[in-house]
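# Residue-level structural notes
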Amino acid sequence: MITIQLELFLGGKHGEVSHYLQENTALGSFLKELGYEASDYLAIINGSNRLEDYLLKDGDKIKLFPAISGG
Amino acid sequence: MEKVIRVNVKNNSINVEESPKEWNLLGGRALTSTIIAKEVSPTCDPLGPNNKLVIAPGVLAGTTVSCVNRISIGGKAPLTGTIKESNAGGTTAYKLARLGIKALILEGLPCDRKKRILYISDEKIELISADDLEDMGVYDTASHLKSRFGNKIGTIIIGQAGERMYLASGIANSDKDGVPSRYCGRGGLGAVMGSKGIKAIVIDDSKGKTPNIADEGLFKKTRDEITKTIINNENTANSYTKYGTAGLVNLANSLGALPTRNFSTGNFEGADNINGQKLYDLITTRKGEGNPSHACMPGCLVRCSNIFPDSDGKTIVAPLEYETIGLMGSNCGIGDLDIIGKLNYMCNDIGLDTIDMGAAIGVAMEGGIIAFGDGEGAIRLLDEVKKDTYLGKILGNGAAICGKVLGVTHVPVCKGQAMAAYEPRAIKGLGVTYATSTMGADHTAGQTIRAAVEHRKPDGQVEASRNAQISNTIHDYIGTCFFVGGAIKGNMGLLTDLITSMTGKSCSLEDLKKTAINTLLTEKEFNTKAGFNEGDDLLPEFFYLEENPASKTVFDVTAEEMNKIFQFDSL
């Protein structure tokens, strides 16, 4: 089992929560379980944005942002 | 829309022509670039008699479907020397479309130095003497025009910057409250309008009407579907509405992509003081005229714009957007939204592009004119620009010129135009866009932040930029705001159905892509004839040699790969 932190930076929600997952859980499946479609979001883990197929590691801290752009 | 208005400022003639058939399915950027490529010599002087300024609503303009009323202004850009399309929201596309105007073309150079207003209504189009508006700021100009012509007019205005032909001058469009703050900011097109002696364009659409819709049933059905997707999407119903584009500060900062102290790094220690949450908190606690969710275009449901008030509730500026928070905030080491808001207002009033001005001030700070973080100093610099002092002239001509004069070598520009608020070493796809776009360094020409690539790696960035350049060009010509793209995502059928129902001619996603690709190739050809080659499709050297400490990366997408960007054959 691994422990990761998820911090949400979404319009209506805040907060950092710990999650306990099986080893080799893919980012995409993890987010989907929580109801987030990976392509709608940017998941930044330790400074880099990671894609759906990224395998989560123990201690990863995910910052989840809506995939918006600026003007 | 069937009318093309040609205004020749040399002999003050105004001609109303019927739009040629081959332009039927074009609008916005596709139309401006088609006209410029056809009628303007690529080697002309952008401030001379042979350049033209083309103003064209997008294909969908004139209806009140959310997010479809953007305007394009095109020409040969004085700042970059390339072809240029500069895009904005507001009400001017809507109003021109309601008057049946497909394109407005300003030609020639005046024989005198007088200022004029171009007045357009259903009944007449005329040039009116406007010497009383000479050297007037944009906001006062808008007030004067509303007093004279009524509160419901649309306005397209240049400030002192455009009149003086500063290269960082933009063109201000009115929003739905008549506030002149929706900027066609990039490339110095304000100077082109200034060279032609036109201070303002007034659009009175009180006798206008909604454009003809060929299939009302399909149109209504599609409009309702779009409305539903917008209000059900997390981003467009929530993030954008509440935080606006400022919501991007945290994201960019977390990616190490928030330009800080003249693009020396991508992480700003003051980010929490200038992010979306801070802006939202200030607006909602100060109240008064403030509003965190404001629409710039008629019918917009997203309402990403805002009105930012001071502690007495009086408006500092509307809107305060991410790009300005980046370039005039973190890029200048300034972590105070009140200062950034004031700088934004001053730029809007003088008639300047906040991106190039923020970059210019950052360069000036690097050059030791004032210190990084000196907000009051930045305000004094903009005061110099307003007063047209020698330092003011240097700054008002943008970051590239500023760097050359002050001997600063770290200047974040491509083809002379300043980069937007995304550090290219941390979001490499945007680095590719900055380098290869026909527009110069331009984020709206090919925004890759949503692409399924790891932004710090060079892999897949050319493809991401290519796809983004195509999809952004689609939005630029059909007149949609990018943010609707976020809501409808893959379901572009909603936009093609809207076009099909308006024009009566079947429109597919392939058609949209084809027009976008043709537009890009037309622009590329113009630039080649203007003298640009592969050597101009690069980032400034320091991005390749020096690491962004926040992302720990240099820009390493090869020139060889980037030169393939316009190979569209596989599509």
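As a starting point, this report considers the structure included with it. The model shown is predicted, which means the values in this text are computed figures rather than measured ones. (Residues numbered from 1 in each chain as written. Chains lettered and ligands numbered in written order. Predicted model: local features only at pLDDT ≥ 70, side-chain atom pairs only at ≥ 80, totals over all residues. Heavy atoms only, no water.)

### Some details on the overall build of chain A
Assigned secondary structure in chain A consists of one helix and five strands. When the elements of chain A are put in sequence order from the N terminus, they spell out β-β-α-β-β-β. Taking 71 residues into account, the globule formula puts the C-alpha radius of gyration at 11 Å, and chain A, at 12 Å, falls close to it. Across its three principal directions, the C-alpha atoms of chain A cover 40 × 25 × 25 Å. With the model as given, the accessible surface of chain A reaches about 3500 Å², and the carbon-plus-sulfur share is 47%. Charged side chains in chain A number 6 positive and 10 negative. The centres of these two groups are separated by 5 Å. (Helix = DSSP H or I, 4+ residues; strand = E, 2+ residues; numbered from the N terminus. Rg over C-alpha atoms; globule rule 2.2 N^0.38 Å. Areas by Shrake-Rupley, 256 points an atom, 1.4 Å probe, with all protein chains shown as cover. Lys, Arg positive; Asp, Glu negative; His and termini not counted. Charge placed at Lys NZ, Arg CZ, Asp CG, Glu CD.)

### Regarding the environment of B:Ile355
Residue and element names in this part refer to chain B. Structurally, Ile 355 is set in helix α12 (residues 354–366). For Ile 355, a relative accessible area of 5% corresponds to the buried category. Excluding its chain neighbours within four sequence positions, the residues that come into contact with Ile 355 are Arg 186, Glu 323, Leu 327, Ala 418, Met 419, Ala 420 and His 443. (Buried < 20%, exposed > 50% of the residue type's maximum accessible area, 1.4 Å probe, protein only. Contact = heavy atoms within 4.5 Å.)

### Digging into the sheet that holds strand β13 (residues 291–294) of chain B
Residues and elements named next belong to chain B. If you walk across this open sheet you meet the three strands as β13-β14-β15, and the pairing is antiparallel. The sheet is open, and its two borders are formed by β13 and β15 (315–317), each paired with just one other strand. Along the sheet, successive strands turn relative to each other by an average axial angle of 40 degrees, direction set aside. As defined by bridge partners, strand β14 (residues 305–309) adjoins β15 across two bridges and the pair is classed as antiparallel. The residue of β15 that forms the bridge with Phe 308 is Val 317. (Pairing = 2+ DSSP bridges. Axes fitted to C-alpha atoms, helices over the stretch in contact; angles between N-to-C directions.)

### Here we look at the pattern of salt bridges
All names here are of chain B. Applying the stated criterion across every chain, the model contains 35 salt bridges over all chains. Residue Asp 476 is joined to Arg 29 by a salt bridge in which the shortest nitrogen-to-oxygen separation is 2.9 Å. Of this pair, Asp 476 sits in helix α17 (residues 461–478) while Arg 29 is found in helix α1 (residues 28–39), placing the two residues 447 residues apart along the sequence. Each member of the pair, Asp 476 as well as Arg 29, is classed as buried. (Salt bridge = Lys/Arg side-chain N within 4 Å of Asp/Glu carboxyl O.)

### Notes on the interface of chain B and chain A
Chain B puts 32 residues into the contact, and the matching count from chain A is 23 residues. Buried surface at the junction of chain B and chain A, both sides included, amounts to about 2300 Å², of which 53% is carbon and sulfur. The tally of links from chain B across to chain A stands at one salt bridge. For A:Arg50, the salt bridge identified is with B:Glu454, shortest N-O distance 2.7 Å. At the junction of chain B and chain A, the tally comes to five residue pairs in polar contact (both at pLDDT 80 or more). Element by element, the count of residues in the side of chain B that touches chain A is highest for helix α7 (residues 234–243) of chain B, at seven residues. Taken together, the residues of the side of chain B that touches chain A break down into 11 nonpolar, 12 polar and nine charged. (Buried area = accessible area lost by both parts, 1.4 Å probe. Polar contact = N/O pair within 3.5 Å; in protein donor to acceptor, adjacent residues only side chain to side chain. Nonpolar A, V, L, I, M, F, W, Y, C, P; charged D, E, K, R; others polar.)

### Quick notes on the nonpolar core
Core analysis: the biggest nonpolar cluster contains 141 residues, and B:Phe308, B:Leu337, B:Leu352, B:Met357, B:Leu382 and B:Tyr422 have the highest contact counts within it. Sorting elements by how many residues they give to this core places α12(B) first, with eight residues. (Core = buried A, V, L, I, M, F, W, Y, C linked by side-chain atoms within 4.5 Å.)

### Considering the packing of α12(B) against helix α15 (residues 399–406) of chain B
Residues and elements named next belong to chain B. Their axes nearest at 8 Å, the elements α12 and α15 cross at an angle of 15 degrees. Judged on the interaxial angle alone, α15 and α12 are roughly parallel. For the pair α12 and α15, the sense of crossing is right-handed. Packed against α12, whose contacting residues are Asp 356, Ala 359, Ala 360, Val 363 and Ala 364, the element α15 presents Ala 399, Cys 402, Gly 403 and Leu 406 at the interface. Residue classes in the contact of α12 with α15 are distributed as seven nonpolar, one polar and one charged. (Parallel < 35°, antiparallel > 145°, perpendicular 65-115°, else oblique. Left-handed = near helix turned anticlockwise from the far one by under 90°.)

### Describing the pairing of strand β12 (residues 198–204) of chain B
Residues and elements named next belong to chain B. For β12, the buried fraction is high: seven of the seven residues fall into the buried class. Where strand β7 (residues 116–121) and β12 come together, six bridges link them in parallel fashion. Of the residues in β12, the one forming a bridge with Ile 117 is Ala 200. When strand β9 (residues 154–157) meets β12, the two strands line up antiparallel, connected through four bridges. Note on β12: the bridge partner recorded for Gly 154 is Ile 203.

### Describing unusual backbone geometry
What you tend to see is this: most non-glycine residues have negative phi, and most peptide bonds are trans. Residue and element names in this part refer to chain B. Omega for the bond connecting Ala 318 with Pro 319 falls within 30 degrees of zero, at 0 degrees, which places this linkage in the cis form. In this structure, Pro 319 sits in the loop between β15 and α10 (322–327). The backbone phi angle of Cys 67 is positive, close to 70 degrees, even though this residue is not glycine. Residue position: Cys 67 is located in the loop between β3 (53–57) and β4 (71–76). The backbone phi angle of Lys 287 is positive, close to 55 degrees, even though this residue is not glycine. Examined against the element boundaries, Lys 287 turns out to sit in the loop between α9 (276–286) and β13.

### Some details on the packing of aromatic side chains
Counted according to the given criterion, the structure contains 11 aromatic pairs over all chains. Ring centres of A:Phe9 and A:Phe65 lie 4.5 Å apart, and the angle between their planes is 15 degrees; on these two criteria the pair is classed as stacked. Here A:Phe9, found in the loop between β1 (2–8) and β2 (16–21), pairs with A:Phe65, found in strand β5 (residues 61–66); they are 56 residues apart in sequence, far enough to count as distant. Ring geometry for B:Tyr119 versus B:Phe149: centroids 5.1 Å apart, planes at 25 degrees, classification stacked. Of the two residues, B:Tyr119 is situated in strand β7 and B:Phe149 in helix α3 (residues 138–149); the sequence distance between them amounts to 30 residues. The burial state of B:Tyr119 is the same as that of B:Phe149; both residues are buried. Over the face of the ring belonging to B:Tyr280 we find B:Lys242, whose NZ or CZ atom lies 4.9 Å from the ring centre. (Phe/Tyr/Trp six-rings, centres within 6.5 Å; stacked < 30°, edge-to-face > 60°. Lys NZ or Arg CZ within 6 Å of the ring centre and 35° of its normal.)

### Some remarks on the sheet that holds strand β5 (residues 83–88) of chain B
Residues and elements named next belong to chain B. Taken together, the six strands give an open sheet; going across it, the order is β2-β1-β6-β3-β4-β5, and neighbouring strands pair in mixed fashion. Each edge of the sheet is formed by a strand with only one pairing partner; in this case those strands are β2 (13–18) and β5. On average, each strand axis in the sheet is inclined to that of its neighbour by 15 degrees, with strand direction left out of account. Sheet analysis places β4 next to β5, joined by six bridges and oriented antiparallel. Bridge pairing in β5 places Ser 72 opposite Asn 87. The strands touched by α1 are β1 (3–8), β3, β4, β5 and β6 (101–107); relative to β4, the strand with the most contacts, the crossing angle is about 20 degrees.

### Observations regarding the state of the cysteines
Under the definition given, this model contains zero disulfides over all chains. Free of any disulfide, B:Cys414 has its nearest neighbouring cysteine sulfur in B:Cys402, separated by 17 Å. (Disulfide = S-S within 2.5 Å.)

### Describing the environment of B:Ile470
Residue and element names in this part refer to chain B. With respect to the helices and strands, the residue Ile 470 is situated in helix α17. For Ile 470, a relative accessible area of 5% corresponds to the buried category. Through-space distance from the C-alpha of Ile 470 to that of Ile 5 is 29 Å; in sequence the pair is 465 residues apart.

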